[in-house]
Amino acid sequence: MRFVDEFRDADKAHALAARIAALCEPGRQYKLMEVCGGHTHTIYKHGLEDYLPECITLVHGPGCPVCVIPMGRVDDAIHLASQPDVVMTSFGDMMRVPGSNGAFFDANARGTTIKMVYSPLDSLKIAKANPDKRVVFMAIGFETTAPSTAMTVLRARAQGIKNFSVFCNHVTIIPAIKAILDSPDLRLDGFIGPGHVSTVIGCRPYEFIARSYGKPVVVAGFEPLDILQSIYMLMLQLHEGRSEVENQYSRVVPWNGNPVALKAIGETMELRPYFEWRGLGFISHSALKMRGAYADFDAELLFEVPGVRVADPKACQCGEVLKGVLKPWECKVFGTACTPETPIGTCMVSPEGACAAYYNYGRLSRQRVPEAISIEPSRP
Amino acid sequence: MTQQLASTPPPRPRRVLPTGEREQQVLDRIERARRRRPKLREERITMSHGAGGKATHTLIEAIFLDAFRNPLLEPLEDAARLPMNGAGEAGGAAAVALTTDSFVVSPLFFPGGNIGDLAVNGTVNDLAVAGATPLYLSAGFILEEGFPIADLTRIAESMRDAADAAGVAVVTGDTKVVERGKADGCYINTAGVGTVAAGVDLGVANARPGDKVLVSGPIGDHGVTIMLARGELDIEADVESDTAPLAELVAGLLGAVPGVRALRDATRGGVATILNEVAKAADVGVLIAENAIPVRDQVRGAAELLGIDPLYVACEGRLVAVVDGDQAAQALAALRAHPLGAQAAIIGEVTAEPVGLVTIKTAFGGTRIVDLLVGDPLPRIC
């Protein structure tokens, strides 16, 4: 398949892996964080860690939008969905995220209507087709998905649609990275920057990481060769003693971001004073809400939202995993009490979550898997 | 306080294991936890219980197997194999195979077929992969008030054509009508019986290290067709359901290759789910090669866009075969000799380790697990 297979070429991967290995200084350990959950997913799905020397550890960061939603917000969403005539919509990842009384799937079994959509515009279609229903879109995601929510709200206003609103849970990536950088129990050597977020915000917002914290950042694409190449670029910076922001994903990410998308976000949304992140606690100015001018599309104003804070389950160490302090398997409940079937923490729910990715794809004793497979590609 | 401190024994020096060994300990603990009998925790049925993944398996084991437990049901194969009076006599059939399946597909009509041929082919295939010659089918209809007679006629005609093609007859049936809103147009249940020839004993538990794994053609066509036909995604692709009767293909394979261990049709849950059933039932590992698995470009492209893996997407006219390694080439030739198997491929092998796990060598050159999904594959958001 064109434009995909080129980025999954095993020969190129071997060549890059050799160049990465050549940059490792003897005795030194390297910890690189991939901020974005999409990267985590790619790394496990393609078995990318098999190419890395033992001295390089990939730390899975907080960039999985589902994983950072606190239980209280899930409860709030289910409360909204339980109101008369409400049809709630959200992205597929959200459906299994546990609240204090089950996830959306369980709520649906009890009578709510929470539908999975691929785009907020689909919610608008549902609203138009069902004028007797009140359609609430549970918006989640970083700057990647916020523009599509913003555009949907702008379109709803332009088309005069009254039965559509947004339960806004958009978060912003920079405060989360800063919180991680400021966390005392952390030692990272560099960052694989989030490619999709950067298509919107560009590369400039990461400059403080290189300048003030002295850590190199390489904004990376989502194919396995993209990630391998950005690891090479990070290792080269470390080898040469540089700390800069570089753009590996320049085929998609403009250095200054996407001004149209940023304008749409700025028009419809504003920063919240603070927002709770699962496992990371409250982080100031780290999330978005609807602007006052768009109050008639703000589900938090149209409906009563309980807003009860639910503490993370005690056994759950999602926070440590999100900060990269613990590897998923080092969590006390990993794989036994907390599994994709019965997730305790959100890291186990989304396929982008570090724990679910490791459980589904990486939970593998490399010694026990035969090295080679004696199958020749037999496509006729 | 000081007293208490003084009486505390000195801490036992803890041997700190190297990271690799600690990780292995955790992995072993997880494998033990996974082998325990699954517990059904939900209080109500959720959509995940119908998706063919872990939730479905748990439901079946906790509720149905628990209630109906008997030696014929316990193998949980696609069809039950019933001993008959006089079975095993020279020239006669060794057993009768019985199976049933319900069809609730939405939309009812889709590129490449409709719920009618699906309902016939699905049951025919469940018999075929049990090594049986399909003979007779029953058909039960649950119809919603207001359902167009013209649609029902089209469905019935498709069923007749599919039955003719598969060489089976629909010999008994049932019709129920429910009030508007109590069903989604038309649901169909079919059951089927067939005869199993002496000496045929197929089952996923028969797999052993050294066997090869084959698929009879490109995977994922049906599931992707249905997802696109729902029209909710605004994606168009030139892809059709692969619904087809597999009885002839299976007969050709079994006739040519004595060393066929197991056959499954890769419906709900896709090829990945079947391979997991093999690994679990036979206490073996299964290792497959991503670049050996036939997937149409349209299906790969749509799956890539939707963030799902074709390995988990349903097929309705494809089978997975586990075959004695020495006879894999013969099996491949036998499959390719039939039009429905023209693009058959050897996709992997059965290994001694790691027990109970399916692993894949990715096209990129890494290795990962291919686990059972919990429920339907959920799309990733970005």
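Trainee: So what exactly am I meant to see when it comes to the overall build of chain A here?
Mentor: Of the regular secondary structure elements, chain A holds 14 helices and 13 strands. Its C-alpha radius of gyration of 21 Å places chain A within 12% of the 21 Å reference for a compact globule of 380 residues. Each principal axis of the C-alpha distribution contributes one length, and for chain A these read about 65 × 55 × 45 Å. Counting across all 380 residues of chain A, residues that qualify as buried make up 55%.

Trainee: Explain unusual backbone geometry to me, please; I cannot follow it from the model alone.
Mentor: Most peptide bonds are trans, and most residues other than glycine sit at a negative phi. Residues S106 of chain B and P107 of chain B are joined by a peptide bond in cis, for which omega reads 0°. If you trace the backbone, P107 of chain B turns up in the loop between β2 (93-103) and β3 (109-110). Here the amide bond leading from E353 of chain B into P354 of chain B is cis, since omega sits at -15°, within 30 degrees of zero. In this structure, D85 of chain A takes a positive phi of about 65° despite not being glycine. Looking at the secondary structure, you find D85 of chain A in the loop between α3 (71-81) and β3 (86-91). The class for D85 of chain A is exposed, based on 11 C-beta atoms found within 10 Å.

Trainee: Quick question: what am I supposed to make of the sheet that holds strand β1 (residues 30-36) of chain A here?
Mentor: Note: strands within a sheet are paired through backbone hydrogen bonds, in either parallel or antiparallel orientation. All names here are of chain A. Reading across from one edge, β2-β1-β7-β8-β9 is the order of the five strands in this open sheet, with parallel pairing throughout. Looking at the sheet topology across the chains shown, the edges are occupied by β2 (56-63) and β9 (245-247). The average undirected angle you get between the axes of adjacent strands in this sheet is 25°. Packing against the sheet, helix α7 (residues 173-182) makes contact with β1, β2 and β7 (190-194), and its axis sits at approximately 130° to β2.

Trainee: Hey, could you run me through helix α7 (residues 247-256) of chain B in this one?
Mentor: Residue and element names in this part refer to chain B. Those residues of α7 that sit buried are A247, L249, V250, L253 and L254. The buried residues of α7 occupy an angular sector of 160° when projected down its axis, which confines them to one face. Buried-residue contacts for α7 involve α4 (115-128), β5 (132-144), α5 (149-166), β9 (260-265), β11 (319-323) and α10 (328-336).

Trainee: What exactly am I supposed to notice about the interface of chain A and chain B here?
Mentor: Opposite the 57 residues of chain A that make contact, chain B presents 53 residues. For the side of chain A that touches chain B, the secondary structure elements donating two or more residues are α1 (10-23), α2 (37-45), α4 (104-110) and α14 (354-362) of chain A. Per element, the largest residue contribution to the side of chain A that touches chain B is five residues, and it comes from α4 of chain A. By residue class, the composition of the side of chain A that touches chain B is 26 nonpolar, 18 polar and 13 charged.

Trainee: I'm lost on the pairing of strand β11 (residues 274-277) of chain A in this one. Help?
Mentor: Successive residues of a regular strand alternate their side chains across the two faces of the sheet. Residues and elements named next belong to chain A. Bridge count between β11 and strand β12 (residues 281-284): four bridges; the pairing is antiparallel. Residue W277 lies in a different strand from β12, and its bridge partner there is G281. As consecutive antiparallel partners, β11 and β12 are separated by three residues, and within that stretch G279 has a phi angle of approximately 80°, a positive value.

Trainee: Got a minute to help me understand the sheet that holds strand β5 (residues 134-141) of chain A in this structure?
Mentor: Residues and elements named next belong to chain A. Pairing is parallel across the open sheet formed by four strands, whose spatial order is β4-β3-β5-β6. Every other strand in the sheet has two partners, leaving β4 (114-117) and β6 (164-170) as the edge strands with one partner each. Between one strand axis and the next, the sheet turns through 25° on average, direction left out of account. Bridging between β5 and β6 involves seven bridges; their strand directions are parallel. Along β6, the bridge assignment pairs F137 with V166. Packing of α3 onto the sheet brings it into contact with β3, β4, β5 and β6, and relative to β3 it is tilted by some 145°.

Trainee: Just to check I follow, could you spell out helix α6 (residues 221-229) of chain B for this structure?
Mentor: Three- or four-residue spacings in an α-helix give side chains the same orientation, since the helix completes a turn every 3.6 residues. Residues and elements named next belong to chain B. Most of α6 is tucked away: nine of the nine residues are buried. Within the sequence span of α6, burial applies to D221, H222, G223, V224, T225, I226, M227, L228 and A229. Buried residues in α6 make contact with β3 and α9 (297-306). Positioned one or two residues after α6, G231 has a phi angle of 70°, which is positive.

Parameters at a glance
Residues numbered from 1 in each chain as written. Chains lettered and ligands numbered in written order. Predicted model: local features only at pLDDT ≥ 70, side-chain atom pairs only at ≥ 80, totals over all residues. Helix = DSSP H or I, 4+ residues; strand = E, 2+ residues; numbered from the N terminus. Rg over C-alpha atoms; globule rule 2.2 N^0.38 Å. Buried ≥ 20, exposed ≤ 12 C-beta atoms within 10 Å, placed from the backbone. Pairing = 2+ DSSP bridges. Axes fitted to C-alpha atoms, helices over the stretch in contact; angles between N-to-C directions. Contact = placed C-beta atoms within 7 Å. Arc of directions from axis to C-beta. Nonpolar A, V, L, I, M, F, W, Y, C, P; charged D, E, K, R; others polar.

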